[in-house]
Amino acid sequence: MRLSIFVGCLVVAAIAVNFGIIPSGAGGSNIVWVVLLALVLSAPLSYVLLRKQRDEMSEQIVSSVDRAKARLEANRTREDSVTQQ
């Protein structure tokens, strides 16, 4: 999804530079200018547009970390009960 947002911004930036809406880069740096402009445009868009997906992934990661911690704690207490006997 992030890549498609970047490609969309790259196309929009290239069209805007081609038609003179946005100034072109100095000398032969036009391609670099368009790519950097697309990066600058796509970063905040991705942050806003992909917030829901990022939050869902974060919840999944937190739940898997919690399960892993619970398993480690269960294993640790099981080992403690074996060694204390």
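Everything numeric here is computed off the predicted structure, so don't read it as measured data.

Colleague: What should I look at first to understand the overall build of the protein in this one?
Modeller: Check the secondary structure of the protein and you find three helices and zero strands. Its helices and strands in sequence order give the protein the pattern α-α-α, from N to C terminus. For the protein, the residues scored as buried account for 15% of the 85 residues in total. Across the protein, contacts joining residues at least 24 apart in sequence account for 60% of those joining residues at least 6 apart. In the form shown here, the protein has an accessible surface area of approximately 6,700 Å², with 66% of it arising from carbon and sulfur atoms.

Colleague: How should the side chain of Ser-46 be read in this particular structure?
Modeller: Tracing the backbone shows Ser-46 in helix α2 (residues 30-49). In this structure Ser-46 comes out as buried when scored by relative accessible area, which is 5%. Side-chain polar atoms of Ser-46 contact the side chain of Arg-2, separated by 3.0 Å. Beyond its immediate stretch of four places on either side in the chain, Ser-46 contacts Arg-2, Ile-5, Arg-51 and Arg-54.

Colleague: When you look at α2 in this model, what are you seeing that I'm missing?
Modeller: The terminal C-alpha atoms of α2 lie 28 Å apart, and with 20 residues this matches the ideal 28 Å at 1.5 Å per residue to within 8%. Roughly 25 degrees is the biggest bend found in α2, and it falls at Ser-42, with proline Pro-44 one to four residues downstream. Buried within α2 are the following residues: Val-34, Leu-37, Ala-38, Ser-42 and Ser-46.

Calculation rules
In this convention, every chain numbers its residues from 1, walking through the sequence in written order. Local features in this predicted model are restricted to residues of pLDDT 70 or higher, and side-chain atom pairs are both shown and tallied only at a pLDDT of 80 or more, whereas totals for entire chains, interfaces and linings draw on every residue. Hydrogens and water are ignored here; the side-chain numbers use all heavy atoms of the structure. For helices the rule is a DSSP run of H or I covering at least 4 residues; for strands it is a run of E covering at least 2, with both sets numbered from the N terminus onward. Only protein chains enter the accessibility calculation, which uses a 1.4 Å probe. A residue is then buried if its area is under 20% of the maximum for its type, exposed if over 50%, and partly exposed in between. Any two residues whose heavy atoms approach within 4.5 Å at even a single point are treated as in contact. Under the convention used here, a 1.4 Å probe and the Shrake-Rupley method define accessible areas, while residue burial counts only the protein chains that appear. N or O atoms within 3.5 Å of each other form a polar contact, as long as, within protein, one can give a hydrogen and the other can take it, and as long as residues adjacent in sequence are counted only when both atoms are side-chain atoms. The span you would expect from a helix comes to 1.5 Å times its residue count less one. To get the bend at a given residue, fit one axis to the seven residues ending there, fit another to the seven starting there, and take the angle between those axes.

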